[in-house]
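Tertiary structure, described
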Amino acid sequence: MTLACHPAHADVTLTTDVRQGIASSVRHALLFAHSITDIMIHEGRTMMAKSAKGTRPLHALFPAIPDFVVTREHIVCYLAGYVEGEARHENVQSYWDTKLRPILEARRTANFRLDGLGQHALRYTLFLHAGGQLGLAMRITPAAITPLNQLALPMQLRATLAEATSGFIAITGPTGAGKTATAMSILDHHNRTHSGHIVTIEDPVELKLAPHLCMVTQREVGYDVTSFADGMRDSLRMSPDVMLTSEIRDSETAEVVIQGGESGSLMLATMHGRTTTGTLRKILSYTGNNAVVLRSVLAGSLIGVVRQALVPSVKGDRYLLAADVLFNTGRVTQFIESGDWIGLEAAIREDKLGASEFISMNARLADLVRQGEVDAAAAMRETSDMPGLKRKLQQR
């Protein structure tokens, strides 16, 4: 397909033309909406946005944004003119042929990130769908890292994270739950309070860590390393003091994070999961025949599991953070070592664990509902223990 457009100007004008249609709309949305988490674009459709109000057409959220059908030219010209950050590509066809087409033909998706949008950064996933049509998903993230002491996490957890210099911490939750933001806050705190070497394996690199007391090495899967497993294996030869992997998908990565925490490094992993115990079982499931041995190692290296959720506010103007926290202390350690996951889950559900062993997000969710910050239905969608939350809400 032949593409034709001219380089986009920096001025923001709400237009539908090929040069500036997407850019104008995105810049306007980022300027006025703090609750948007994603902007989604499909060739042949209008632009959509996910926000605390739900998934809506972008023009329905902002009257100044026109309702227009996005074409392939819109998408490619936007990427050529804005994402690359160059002087603007005069020959967009050449940009498509030399940079985008080869990646899409090889991988069917391309991931990259853009800075320089004020308080926001954008993580892009360009992909093919519906028989070769282009799609573009934009994840909106803060451009700056939130200090650890400003995260809306339980005080006990923040204190534990601030003091940790070795061991393994798993941060889990659904897509868009702020897992990466929490992990980066932990790394940033360590970077400012300890010396050493921080190594991350990410897909893609979402937030850039500036070196302070630590040397920082951030490697992106698909560009700097071929896979998470290769990246983690290579990292062990770099004398790391702190390591982060943004996913666990294979046995080698799982074994590195479990054993690395025991060997004296601080290991962080973000991953998708519905419950704290389910996350531990998922990690061990990757290790196959080594699961029994590594379960014992995990019982010694694990600091805790944080299961996060972002709950939309009643007004639809922001999200509020809530978290389940499983600490590897007391009876929890015994449950993990013996592999008694049913017993651990029952102890959590029946409130038989102490505050030093488990903190439920239900207390935070119930408080937010009572304060009128979130509605009960939204809280119920995010909790991992609906019966427990119902009991909390009935106590008011």
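Everything below is about the structure shown above.
Computed from a predicted model, the values in this text were never measured in an experiment.

**A closer look at the overall build of the chain**
- Scanning the chain from terminus to terminus reveals 15 helices and 14 strands.
- For 396 residues, the compact-globule estimate of 2.2 N^0.38 gives 21 Å, and the C-alpha radius of gyration of the chain, at 22 Å, lies within 12% of that figure.
- Principal-axis analysis of the C-alpha atoms places the extent of the chain at approximately 65 × 55 × 40 Å.
- When each of the 396 residues of the chain is scored for burial, the buried share is 52%.
- Long-range contacts, defined here as pairs at least 24 residues apart, represent 60% of the contacts in the chain between residues at least 6 apart.
- Counting every atom, the chain has about 17200 Å² of accessible surface; 51% of that belongs to carbon and sulfur.
- The distance from the centre of the 40 positive side-chain charges to the centre of the 40 negative ones in the chain is 6 Å.

**A closer look at the nonpolar core**
- Counting residues in hydrophobic clusters, the biggest one holds 36 residues, and the most contacted among them are Phe168 and Leu326.
- Ignoring any residue separated from it by four or fewer positions in sequence, one finds Leu326 in contact with Thr276, Leu280, Ile303, Gly304, Val305, Val332, Leu344, Ile348, Leu353, Glu357 and Phe358.

**Quick look at helix H10 (residues 291-301)**
- Among all positions of H10, only Leu294, Arg295, Val297, Leu298, Ala299 and Ser301 are buried.
- Buried residues along H10 sit in contact with strand S7 (167-173), helix H8 (251-262), helix H9 (276-285), strand S12 (302-312), helix H11 (330-338) and helix H12 (341-349).

**Concerning the pattern of salt bridges**
- Taken as a whole and assessed by the stated rule, the structure comprises 13 salt bridges.
- Salt-bridge contacts for Glu373 lead to Arg318; the nearest nitrogen and oxygen are separated by 2.6 Å. Of this pair, Glu373 sits in the loop between helix H13 (361-370) and helix H14 (376-382) while Arg318 sits in the loop between S12 and strand S13 (319-327), and the two are 55 residues apart along the sequence.
- Between Arg370 and Asp367 there is a salt bridge, with its nearest N and O atoms 3.3 Å apart. Of this pair, Arg370 and Asp367 both sit in helix H13, three residues apart, roughly one helical turn.
- The exposure class assigned to Arg370 is partly exposed, which follows from its relative accessible area of 36%.
- Among the charged side chains, a salt-bridge network with shared partners connects Arg219, Asp234 and Arg237.

Reading the values: rules and limits
- Every chain begins its residue count from 1, and numbering advances along the sequence as written.
- Note on the predicted model: pLDDT of at least 70 is required for a residue's local features to be given, and 80 or more for side-chain atom pairs to be given and counted; whole-chain, interface and lining totals, by contrast, use all residues.
- As a rule here, side-chain values cover all heavy atoms of the structure and leave hydrogens and water aside.
- Segments assigned H or I by DSSP are reported as helices when at least four residues long, segments assigned E as strands when at least two residues long, and all are numbered from the N terminus.
- We compute the radius of gyration from the C-alpha atoms alone; for a globule the expected value is 2.2 Å times N to the 0.38, where N is the number of residues.
- Here's how the labels work: a residue is buried when its accessible area is under 20% of the maximum for its type, exposed when over 50%, partly exposed in between, all with a 1.4 Å probe on protein chains only.
- Two residues form a contact once any of their heavy atoms are found within 4.5 Å.
- Each accessible area is a Shrake-Rupley estimate made with a 1.4 Å probe; only the visible protein chains count as cover when residues are assessed.
- Neither His nor the chain termini are counted; the positive set is Lys and Arg, and the negative set is Asp and Glu.
- Taken as the charge location is NZ of Lys, CZ of Arg, CG of Asp or CD of Glu.
- Among the buried residues, those of types Ala, Val, Leu, Ile, Met, Phe, Trp, Tyr and Cys that are joined through side-chain atoms within 4.5 Å form a nonpolar core.
- Basic side-chain nitrogens of Lys or Arg form a salt bridge, by our definition, when they fall within 4 Å of a carboxyl oxygen of Asp or Glu.

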